[in-house]
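Coordinates in review
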Amino acid sequence: MPTPERSGGGGMMRLSGRFRSSLIIGLQGIRARKLRTLLSMISLFLGVLAVVTVQAGASIAERALMSDVELQSGYDGTVVIDVMPHEKSPSIVTETVAGRADAVSLIGTSAIIGEPGVSPINPGGAPFDQGAWGSTEICDNVGNCVPGPPTGEAIEVVLTAVAGDLLTFRPLRPVSGDWLAFDTVPSLAPKIVINEEAAKGFRDHQVPAEMRVRGAKANMTPQIVGVVHDGDFQPRAYVRQDELTNWMPASSLVDPNFGGQITVMTASGSPVEQVLQSRLRGAGAESYVNVVQNRKEMEKQLMLMRLIFLSMAGLVLLIGVAGILNVGLATVGERVEEFALRRAVGTPRTLLAGIVLAETMLTGLLTAAAAIGAGIAGLKVVSMVLGGSEPLLANVQFPWDAGVAGIIAGIVAGVLGGFIPALRAAGIPIATVMRA
């Protein structure tokens, strides 16, 4: 008497043999009925292609959406420390971040670039197509204001003094020129990188190269070395902090009377966070810590977007399933005598059903391969045509999850389209061959 283990192993081998037989006979059926296979693939192609396209589009859209958010807030996992304006805050932040590769400090102030002694075209650093945000009046520390000088050829920008490698934490996209280089001696003529909104102002107005910053000993002569896309709608310029402090002390970068922004971005687990907070508390300055979790915050929105598009693709796929179902039923009707004869020589009903399912599943896989190939080719064409105007589409790679979705869609469509024909083939009586 065979042992239970051997009986189980024999059952698995018999199952494997039936599965192998189903595949072999299914492939022979596909080769023998090339036209019907082609018709089934055509009816299913658009449905699988829709799933592939939607999945690829959703992945690219998700990447674009995340990239736009990361421009402002930084990569997921980044620790962001917002420091409240205080007379000692800039010095403490500068000393703590100095020489650290795992942290960057951003100290924001305002600067006017252009003709001296005039009010800027965009008071308050307003976007150039939204009119003035602020007033041209000049106010002292106690709130006494007098009318400012007349408007001239000058532009106000939000000036961000950078200490450290900002690109490690925020994916600023280069438009032209270079980013700030920190491996050279600080220049007395500060090099600045401007965003696209600031570039618009410099393009439309003839602005002299003179920059004035509150608290500086004298006006500076900036050098524009690059343009970046940073997702900010205000005109903004980035400058090395050590080049800006050649003209003013670090303590003057933020004036508590006029406000200002100090932000430190550091890697998770870095000692910078603990050291900086301790020193700030000792000086009486407040700070707030936040960990960037863009994907978690947008998870529901991304999932809803994906489900909506996949539902639409599913409807198209069902039309393809109906097509392969019709072809499968017609094929089984033509092969009644063949299946009855196989039953007469001892072929199990499950093997007959497996033959039909194997044919439809293989047809689904072939269709999925064709749809994935078309998706890859289409994405390459879109990347070549639109890559120059849309940086996110330049050299974009076909998402692997779109290929997986296409394969799953092909298999599911093959099973759904072949299930009813498989049941019909398995139910054909042996007596049918006698009538034939």
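Reading the values: rules and limits
As a convention, each chain's residues are numbered from 1 in the sequence order in which they are written. For a predicted model such as this one, the threshold for reporting local features is a pLDDT of at least 70, and the threshold for listing and counting side-chain atom pairs is 80 or more; totals across whole chains, interfaces and linings nevertheless cover every residue. The side-chain quantities take in all heavy atoms of the structure and omit both hydrogens and water. Secondary structure counts use DSSP, requiring at least four H or I residues in a row for a helix and at least two E residues in a row for a strand, with both numbered from the N terminus. Only protein chains enter the accessibility calculation, which uses a 1.4 Å probe; a residue whose area is less than 20% of its type maximum is buried, one above 50% is exposed, and one in between is partly exposed. Residue contacts are defined here by distance: any two heavy atoms, one from each residue, within 4.5 Å place the two residues in contact. Where accessible areas are quoted, they stem from the Shrake-Rupley method and a 1.4 Å probe; at the residue level, only the protein chains shown are allowed to cover. To obtain each axis, a line is fitted to C-alpha atoms, and for helices this fit is confined to the stretch in contact; angles are then taken between N-to-C directions over 0 to 180 degrees. When residues are sorted by character, Ala, Val, Leu, Ile, Met, Phe, Trp, Tyr, Cys and Pro go into the nonpolar class, Asp, Glu, Lys and Arg into the charged class, and all the rest, Gly among them, into the polar class. Between Lys or Arg on one side and Asp or Glu on the other, a salt bridge is scored when a side-chain nitrogen of the former is within 4 Å of a carboxyl oxygen of the latter. What qualifies as a polar contact is a pair of N or O atoms within 3.5 Å, subject to a donor-acceptor requirement within protein and to the restriction that residues adjacent in sequence count only when both atoms come from side chains. Cavities and pockets were defined on a 1 Å grid built over protein atoms only: a cavity is a set of grid points that admits a 1.4 Å probe from which the probe cannot escape, a pocket is an open set flanked by protein on both sides within 12 Å along at least five of seven lines, and lining residues are those with an atom within 4 Å of any such point. Grid points are joined across faces, edges and corners, and a volume is the space filled by probe spheres set on the points. Predictor confidence is given residue by residue as pLDDT, running from a minimum of 0 to a maximum of 100. Buried Ala, Val, Leu, Ile, Met, Phe, Trp, Tyr and Cys residues form a nonpolar core when they are joined through side-chain atoms within 4.5 Å. The directions from the helix axis to the C-beta atoms form the arc being described. We call two strands paired when DSSP finds no fewer than two bridges between them. Crossing handedness: left-handed means the near helix sits turned counterclockwise from the far one by under a right angle, and right-handed means the same turn made clockwise.

The helix and strand tally for the protein chain stands at 12 helices and 12 strands. For the protein chain, with 436 residues in total, the buried portion stands at 43%. Within the protein chain, residue pairs in contact and separated by at least 24 positions form 86% of the contacts whose partners lie at least 6 positions apart. Working note: accessible area of the protein chain is about 22,400 Å², and carbon and sulfur atoms make up 62% of it.

A separate point is the packing of helix H8 (residues 299-334) against helix H9 (residues 336-344). The geometry of H8 relative to H9 is characterised by a closest axis approach of 4 Å and an angle of 65° between their N-to-C directions. Here H8 contributes Val332, Gly333 and Glu334 to the contact with H9, which in turn contributes Val336, Glu337 and Phe339. Of the residues belonging to the contact of H8 with H9, the class tally is 3 nonpolar, 1 polar and 2 charged.

Moving on, we get to the pattern of salt bridges. Across all of its chains, the model carries 7 salt bridges by this definition. With its nearest N and O atoms 3.2 Å apart, the salt bridge here joins Glu197 to Lys200. On the criterion of helical spacing, the pair formed by Glu197 and Lys200 is a turn pair, its members being 3 residues apart in helix H4 (residues 196-204). Ionic contacts of the salt-bridge type, sharing partners, join the residues Arg240, Asp242 and Glu243 into one network.

Topologically, Arg212 is positioned in strand S8 (residues 211-213). As for Arg212 and Ala111, which are separated by 101 residues in sequence, their C-alpha atoms are 5.8 Å apart. When residues no more than four places from it in sequence are discounted, the contact partners of Arg212 are Ala111, Ile112, Gly114, Glu115, Pro116, Gly117, Val118 and Asn219. Of the polar contacts made by the side chain of Arg212, one reaches the backbone oxygen of Glu115; its length is 3.2 Å.

To continue, consider the layout of surface pockets. Here the second largest pocket defines a volume of roughly 330 Å³. Considering the residues around the second largest pocket, the lining is formed by 15 residues, among which Gln72, Leu106, Arg170, Gln261 and Thr263 are closest to the centre. Secondary structure elements with two or more residues in the lining of the second largest pocket: helix H2 (34-73), strand S1 (79-83), strand S2 (103-114), strand S10 (236-240) and strand S11 (261-266). The element contributing the most residues to the lining of the second largest pocket is S11, with 3 residues. Considering only residue class, the lining of the second largest pocket consists of 4 nonpolar, 6 polar and 5 charged.

Of the residues in the protein chain, 84% reach a pLDDT of 70 or more, and the chain-wide mean stands at 80. Element-level mean pLDDT values for the protein chain span from 55 in helix H1 (residues 4-32) up to 95 in S10. Low pLDDT (under 50) marks residues 1-15, which in the prediction has 1 contact with non-local residues, meaning those over four places away or in another chain.

Now for the nonpolar core. In terms of nonpolar packing, the biggest core is built from 36 residues, with Leu159, Val213 and Leu244 touching the most fellow members. Within the second largest apolar cluster, 17 residues are counted, among which are Leu317, Ala368, Ile372 and Ala409.

By the burial criterion, the buried members of H4 are Glu197, Ala198, Gly201 and Phe202. What you see down the axis of H4 is that its buried residues fit within an arc of 140°, all on one side. Next to the buried residues of H4 lie S2, strand S5 (154-163), strand S7 (191-195), strand S9 (223-229) and S10.

For S7, a buried count of 4 out of 5 residues is recorded, marking the element as mostly surrounded by other parts of the structure. Of the strand pairs in this sheet, S7 and S9 are connected by 5 bridges, and their pairing is parallel. Pairing of Ile194 across the sheet is with Val227, part of S9. Note: S7 against S10, 3 bridges, orientation antiparallel. Each bridged residue has a counterpart across the sheet, and for Val193 the counterpart in S10 is Tyr238.

Glancing now at the packing of H8 against helix H11 (residues 400-426). Between H8 and H11, the least distance of the axes is 8 Å, while the angle of their chain directions is 35°. The element H8 and its partner H11 pack so that their crossing is right-handed. Taking contact as the criterion, the partners of Arg306, Leu317, Val321, Ile324, Leu325, Gly328, Leu329, Val332 and Gly333 in H8 are, on H11, Asp401, Ala409, Ala413, Leu416, Gly417, Ile420, Pro421, Arg424 and Ala425. Classifying every residue of the contact of H8 with H11 gives 12 nonpolar, 3 polar and 3 charged.

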